[in-house]
Amino acid sequence: MKHLLLGFIFGISISFISWIVGMVLNGILVKTEYYKTLSNLNFIESKALNKNIGIGYFKWIVKNTFFKFFNQKIKLENRKVDLTEIRNEMTLSEISHLIGFIFVTVFAIYKSFTLSLVFGLTMMIPNIYMNLYPSLLQQENKRRINKLMKRNIKKEANPL
């Protein structure tokens, strides 16, 4: 029981730290030729699977709690926003969270072997909700933005 509680608390703490690690490493990755490939990641394409794992509930939580104040650059407030810029911000957020997820996962694996399996696995619970789900949500949002961008391109090419 002790490892369960401590693993969860430690998981929350290291997940917050992983956000900073993700932003720093993402800042370095942006300057590489591989970033374009990374910016088009799409782990779960199925809307049904996204629904089944609870991305819709997670989206509601982000939109209706204090989390909505975290990244103010990712907002569609009106129709005159630059969708490319919003998509780029979503990509930065997605990849930063993905890096954070990998960082904590490596740490959890290490702790599973050095301390206890329960501790390591319990660390993964906050990591999934604080890093993996935000990354998956950004991927879903980017798919929606991509559709809007394609629609706008078609309207510009054929204004009638």
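The sections below set out a description of the structure shown in this document. For clarity, every value in this text was computed on a predicted model and none was experimentally measured.

Focus on the overall build of the protein chain
Scanning the protein chain from N- to C-terminus turns up 6 helices and 0 strands. Secondary structure of the protein chain in N-to-C order comes out as α-α-α-α-α-α. C-alpha extents for the protein chain along the principal axes are approximately 65 × 35 × 30 Å. Each of the 160 residues in the protein chain was classed as buried or not, and the buried ones make up 36%. Long-range pairs, those at least 24 residues apart, make up 80% of the contacts in the protein chain with a sequence separation of at least 6. If you sum the accessible surface of the protein chain, you get close to 10,900 Å²; carbon and sulfur atoms cover 67% of it. In the protein chain, 22 positive and 9 negative side-chain charges are present, and the distance between their average locations comes to 7 Å.

As for the nonpolar core
If you look at the biggest cluster of nonpolar residues, it comprises 7 residues: Ile14, Phe101, Val104, Ala108, Phe119, Met123 and Met124. Of all elements in the fold, only helix H5 (83-114) and helix H6 (117-157) reach the threshold of two or more residues within this core. Ile55, Phe58, Leu136 and Leu137 belong to the second largest nonpolar core, which has 6 residues in total.

Let's talk about the packing of helix H1 (residues 2-29) against H5
Between H1 and H5, whose axes approach to 7 Å, the crossing angle comes to 130 degrees. Considering their axes alone, H1 and H5 lie oblique with respect to each other. For the pair H1 and H5, the sense of crossing is right-handed. Contacts between H1 and H5 involve Phe10, Ile14, Ser15, Ser18, Trp19, Val21, Gly22, Met23, Leu25, Asn26 and Leu29 on the former and, on the latter, Leu92, Ile95, Ser96, His97, Ile99, Gly100, Phe103, Val104 and Phe107. Each residue belonging to the contact of H1 with H5 can be placed in one class, and the counts come to 13 nonpolar, 7 polar and no charged.

Points about the environment of Ile14
Structurally, Ile14 is set in helix H1. Of the residues examined, Ile14 reaches a relative accessible area of 6% and is grouped as buried. Linking Ile14 and Met123, residues 109 residues apart in sequence, is a C-alpha distance of 8.5 Å. When residues no more than four places from it in sequence are discounted, the contact partners of Ile14 are Phe103, Val104, Phe107 and Met123.

Looking at a nonpolar patch on the surface
Taken together, the side chains of Leu5, Phe8, Ile9, Ile125, Ile128 and Tyr129 define a hydrophobic patch exposed on the protein surface, amounting to about 540 Å² of accessible area. Breaking the nonpolar patch down by element, the ones donating at least two residues are H1 and H6. Using a relative accessible area of 34% as the deciding quantity, one classes Phe8 as partly exposed.

With respect to the packing of aromatic side chains
Throughout the structure, instances matching the rule amount to 10 aromatic pairs. Judged by centre distance (5.7 Å) and plane angle (35 degrees), the rings of Phe10 and Phe107 are tilted. Of this pair, Phe10 sits in helix H1 while Phe107 sits in helix H5, and the two are 97 residues apart along the sequence. On the basis of relative accessible area, Phe10 is assigned to the partly exposed category, the value being 29%.

Side note on the pattern of salt bridges
Any two side chains of opposite charge can pair, given that their charged atoms come close. The full count for this structure, using the stated rule, is 2 salt bridges. Here Glu94 makes a salt bridge to Lys142, at a shortest N to O gap of 2.4 Å. With a gap of 48 residues between them, Glu94 in helix H5 and Lys142 in helix H6 connect regions that are remote in the sequence. Classification of Glu94 by relative accessible area gives buried; the value is 0%. For Lys142, a relative accessible area of 3% gives the class buried.

What counts, and where the lines are drawn
- Once a new chain begins, its residue numbering starts again from 1 and follows that chain's sequence as written.
- Local features are withheld for residues below a pLDDT of 70 in this predicted model, meaning they are given only at 70 or higher, and side-chain atom pairs are given and counted only at 80 or more; totals for whole chains, interfaces and linings count all residues.
- Processing note: side-chain calculations cover all non-hydrogen atoms of the structure and skip hydrogens and water entirely.
- The helix and strand labels rest on DSSP assignments: H or I over at least four residues marks a helix, E over at least two residues marks a strand, and numbering proceeds from the N terminus.
- Burial classes: relative accessible area under 20% of the type maximum marks a residue as buried, over 50% as exposed, and values in between as partly exposed (1.4 Å probe, protein chains only).
- Contacts are assigned to residue pairs that have any heavy atoms within 4.5 Å of one another.
- All accessibility values rest on the Shrake-Rupley procedure with a 1.4 Å probe; residue burial counts only the protein chains present in the view.
- Lys and Arg are tallied as positive, Asp and Glu as negative. Neither His nor the chain termini are counted.
- By convention, the point assigned to a charge is CZ for Arg, NZ for Lys, CD for Glu and CG for Asp.
- Put simply, a nonpolar core is a bunch of buried Ala, Val, Leu, Ile, Met, Phe, Trp, Tyr and Cys residues held in one set by side-chain atoms that sit within 4.5 Å of each other.
- To obtain an axis, a line is fitted to C-alpha atoms, over the contacting stretch when the element is a helix, and the angle between two such axes runs from 0 to 180 degrees between their N-to-C directions.
- Angle categories: roughly parallel below 35 degrees, roughly antiparallel above 145, roughly perpendicular from 65 to 115, and oblique for all the rest.
- The hand of a helix crossing depends on one turn: near helix anticlockwise from the far one by less than a right angle means left-handed, and clockwise means right-handed.
- By the convention adopted, Pro, Cys, Tyr, Trp, Phe, Met, Ile, Leu, Val and Ala count as nonpolar, Lys, Arg, Asp and Glu as charged, and the other residues, Gly among them, as polar.
- Every patch collects residues that have over 30% relative accessible area and no salt bridge, joining them within 9 Å if they carry like charges and within 5 Å if they are nonpolar side chains (Val, Leu, Ile, Met, Phe, Trp, Tyr).
- The term salt bridge refers to a side-chain nitrogen of Lys or Arg lying within 4 Å of a carboxyl oxygen of Asp or Glu.
- Any two rings among Phe, Tyr and Trp, with Trp reduced to its six-membered ring, count as a pair given centres within 6.5 Å; such a pair is stacked if its planes are under 30 degrees apart, edge-to-face if over 60, and tilted if neither.

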